[in-house]
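What the coordinates show
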Amino acid sequence: MENTIGRRDFVKLAGATGAALVFGGWEEALAWQARNAPGPDAAEKELVLLALDAAKGAGANYADVRITRGNSESISTRERQITGVSKSETYGIGIRALVGGSWGFAATRDLRRDAVVKTAREAAAIAAGNNKVNPVKTTLAPVKKVPDGRWITPHEIDPFTIPIEEKAQLLFKTNEEALRVKGVRFVTSSINSIKESRLLGTTDGSVIQQTFMRLGPSVNVTAVPADNGDFQSRNATLAPMGKGWEYIVGLQLSENVLRWAEEAVMKLSAPPVTPGVWDLVLHPSHLWLTIHESLAHPTELDRAMNYEANYAGTTFLAPPERVLNKTKVGPEFMTIMGSRSEPGGCATCGWDDEGVPAQSWPIINKGIFVNYQSTREMVDWISDITKVRESQGCSYGQDWSSIPFQRMPNVSLMPNTKDVGEEEVIAATRKGIFIEGDGSYSIDQQRYNFQFGGQVFWEIKDGKRVRMIRDVAYQARTQEFWNSMALIGGKSTYKLGSSFSDAKGQPMQLNAVSHGCPVTLFKNVNVISTA
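Residues numbered from 1 in each chain as written. Predicted model: local features only at pLDDT ≥ 70, side-chain atom pairs only at ≥ 80, totals over all residues. Heavy atoms only, no water.

1. Thoughts on the packing of aromatic side chains
Two aromatic rings, taken as a pair, are described by how far apart their centres are and by the angle between their planes. Scanning the model with the defined rule gives 14 aromatic pairs in all. When the centroid spacing of 5.5 Å and the interplanar angle of 45° are considered together, the rings of Trp151 and Phe212 count as tilted. Note that Trp151 is positioned in strand β4 (residues 149-152) and Phe212 in strand β6 (residues 207-223), a separation of 61 residues in sequence. On the basis of relative accessibility, which here comes to 11%, the residue Trp151 falls in the buried class. A residue is classified by how much of its surface remains accessible, and Phe212, at 6% relative accessible area, is buried. (Phe/Tyr/Trp six-rings, centres within 6.5 Å; stacked < 30°, edge-to-face > 60°. Helix = DSSP H or I, 4+ residues; strand = E, 2+ residues; numbered from the N terminus. Buried < 20%, exposed > 50% of the residue type's maximum accessible area, 1.4 Å probe, protein only.)

2. Focus: the environment of Ala37
Inspection of the secondary structure puts Ala37 in the loop between α3 (26-36) and α4 (42-57). Put simply, Ala37 and Gln210 are 173 residues apart on the chain and 7.5 Å apart in space, counted from C-alpha to C-alpha.

3. A look at the pairing of strand β16 (residues 449-461)
β16 sits mainly inside the fold: ten of its 13 residues count as buried. Hairpin geometry of strand β15 (residues 431-443) and β16 is characterised by an intervening segment of five residues between the two adjacent antiparallel strands and by a positive phi of about 60° at Arg447. Examined bridge by bridge, β16 and strand β18 (residues 472-477) share four bridges and lie antiparallel to one another. By the bridge assignment for β18, Gln451 is matched with Gln475. As defined by bridge partners, β16 adjoins strand β17 (residues 464-469) across five bridges and the pair is classed as antiparallel. Opposite Phe457, over in β17, you have Ile469 as the bridge partner. Counting the residues that bridge the hairpin from β16 to β17 gives two residues, and of these Asp462 lies at a positive phi of roughly 50°. (Pairing = 2+ DSSP bridges.)

4. Comments concerning helix α12 (residues 379-386)
Among all positions of α12, only Val379, Ile382, Ser383 and Thr386 are buried. Projected onto a plane normal to the axis of α12, the buried residues spread over an arc of 145° and lie on a single side. Where α12 is buried, its residues contact α10 (301-304) and α11 (320-323). One or two steps after α12, the chain reaches Lys387, where phi turns positive at roughly 65°. (Arc of directions from axis to C-beta. Contact = heavy atoms within 4.5 Å.)

Okay, structure coming up:
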C-alpha cells in the first residue's frame, strides 16, 4: 500500500490552502482573512510599542509583548436541569525580554502606561540577573517581520452571538431524546465556548493581531438496568474544534444522541472481551489520543534535551543525534505531520507567540523519525543534525500572565492516498476489535509502554462487526505498536480529535491541540479485560 505524502501534498490536505475545503482555494482564504480578521486596537498597539521601547531601553536585545483578552462561556446540564453557567474574562499584558542570552518575564493586568513601562523594565532586570548565572545562552533563529499581521479563526457564526438560552434549549432537547431510550437513566451535556484576542509585538518589527474561537461540546449517556445492578456510560467523544457555532449545528446532537443512548444500553448486556492477541481497527475518535500520548509528546524537543521532565516525563526519542533520521517508528506508509495551519485544529493559528508563521512539516516520514517540534530558541540545539535554520512556530503561552515556551502543534497521521473506506478496513480484519471513542489510559515516563481503553467495542469476525463487547484495553510498546500498523483508511475516514487541556510545564500551562487520523488497522496487539 502506498501512502507517502510530500510537503506540498500535505499543505493541500491540511495546511493553509486546506482552507480550500471551506473557502475554495488559497486566494479565497486570504481574501476571507482580509475581510474578516480585525486589526489591532489603537490603544493596545500603543501600549505594546511602549513596552517594547521600555524593554530595549532597560537593556534587552530582544523582547516580545502580548496583550491578551480571553473570554470563556460554559453551560452544563443534567437531564432536565441546568447544573452550571459560567462566564469569565481575563485581560492583561505579558512581556518577555532577552538580555545577553537569558530570558526574563513579567506580566500585569494593570494597563496604565506607567505600570506597563515598569513591567517591561522588570522583565529586562530579571533577564539581566539570570544572564549573570545562566551558563546556557539562548540564540534565536531568524524570522521575517510582520508589520501588520491579522488572522481570525475561519468561521460563519461567532458562538458568543448565540444567546445562552438557545444553547440551553439545544442541550435540553438532546438530553430529552436520550431519555426516550429505554434503560437510559442519566444524561449530561455541555458546551464550552472560547474567544481570545491576542496582540503580539516584537522588537523584530512584527505587530500581529489574532482572534481565536474554539468550541467544546460534550454529551454523556448512562444506562442502568431495571435491577440497578450495573451501569454503563457512553461518552459521545465530540472533538473540540477551532470553528464557529456552525460546528455545533452540524453535529446534530439531538439526532445523533439516539445512537449514543442505544449503545450505552447495549453495553449493559455486552459480554466482556476474551483477553489475548487481537487485531484492532481504531476509529479516529479513539486513535487521536494514542497519537497524542505516544507520538506527539515524545517529539517535543525540550523533552529530548531534558529541559522538560517534571510534568509527563521525557521521551524515548532521544538523544537527537542517535534517533533523528535513524529510528523506524512505523511502516513505510506512515507519515506524521506537525501543523499549525490545519482547518478546524485547536492549535491552528496565523502565527505563533514569537511571530513565526503557521506551517506544516514532517515529523515521521516513510516510517522514519525525521524532526521534532521547535521554537526559535530550540532551532540551534539540533541545527547541525537537521540542517533546519528556522523555527517551526511552536511557541505558545497559555495567557497574558504565562511565559511562552514550546507547545504542541496539531500532530496528525496522514490518510491513505487511495480511497479506502471504513468498511474496507474492517473487511480486511479476520479476528479483531473495532474501537470508537477514547477512555482511560496509562503511559510511562518515556512514552514507551502504554495502555489505552475506549468507549465502544465491536467484535470483528471474518471482516464483519458481529456483536458489541466491553471492558477492553490494549497494551503495547510504542514502536512495536506503530510498526504493527497494516492498513489505513483514505481521506474520507480522516477526522480530528482534540483537547482543550493538554498540560505541560511548571507552573502548569494548558494548550488546545488537535490530532487528525483515518480509520486504521493494527495487527496482533495484546488485549486485556478491565472487568
